[in-house]
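Fold and contact review
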Amino acid sequence: MMGILTENFAGKWPFWLSPRQVMVVPVMPMFNDYAMEIKEKLHNNNIVIDTDLDAGATLNKKVRNAQLAQYNFIFVVGRRRRMEVPSTSGHVTTLSTASSQSRI
């Protein structure tokens, strides 16, 4: 059964089945606390979520690593998004296409 699903989805699992649903990427190390706050909120709602808190990697490298790991959604968080609406704003990149980026 798993082989059929893997072949059918070409390794890009749907959100409900994916072992890597969401990656939170802070734009700078000073926003790591905000990224952890988002992680905690989503984890409490049964979402499989990870954060990339590597201070040595650039933002582009963090996003690229998340894309290669095939996360369904990549949340990029920072100052502008935190100041607008702290509890519900961010920038979302989906796995399906590179042009499917949107602000929430």
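These numbers come from a predicted model, not from an experiment.

**Quick word on unusual backbone geometry**
Comment: phi is negative for the bulk of residues other than glycine, and the bulk of peptide bonds are trans. In this structure, N46 is a non-glycine residue whose phi angle is positive, near 60°. Structurally, N46 is set in the loop between α2 (32-43) and β2 (49-51). Phi is positive for Q70, which is not a glycine, with a value near 60°. If you trace the backbone, Q70 turns up in the loop between α3 (59-68) and β3 (73-77). Taking the relative accessible area as the measure of exposure, Q70 reaches 29% and is therefore partly exposed.

**Description of the side chain of T51**
Following the sequence through the fold, T51 ends up in strand β2. Beyond its immediate stretch of four places on either side in the chain, T51 contacts M23, V24, A35, M36 and K39.

**Focus: the environment of M23**
For M23, the location among the structural elements is in strand β1 (residues 22-26). The spatial distance from the C-alpha of M23 to the C-alpha of F73 is 6.4 Å, given a sequence separation of 50 residues.

**Looking at the environment of M28**
One can find M28 in the loop between β1 and α2. The class for M28 is partly exposed, based on a relative accessible area of 41%. Considered as a pair, M28 and R79 are 51 residues apart in the sequence and their alpha carbons are 9.0 Å apart.

Conventions used here
- Residues numbered from 1 in each chain as written.
- Predicted model: local features only at pLDDT ≥ 70, side-chain atom pairs only at ≥ 80, totals over all residues.
- Heavy atoms only, no water.
- Helix = DSSP H or I, 4+ residues; strand = E, 2+ residues; numbered from the N terminus.
- Buried < 20%, exposed > 50% of the residue type's maximum accessible area, 1.4 Å probe, protein only.
- Contact = heavy atoms within 4.5 Å.

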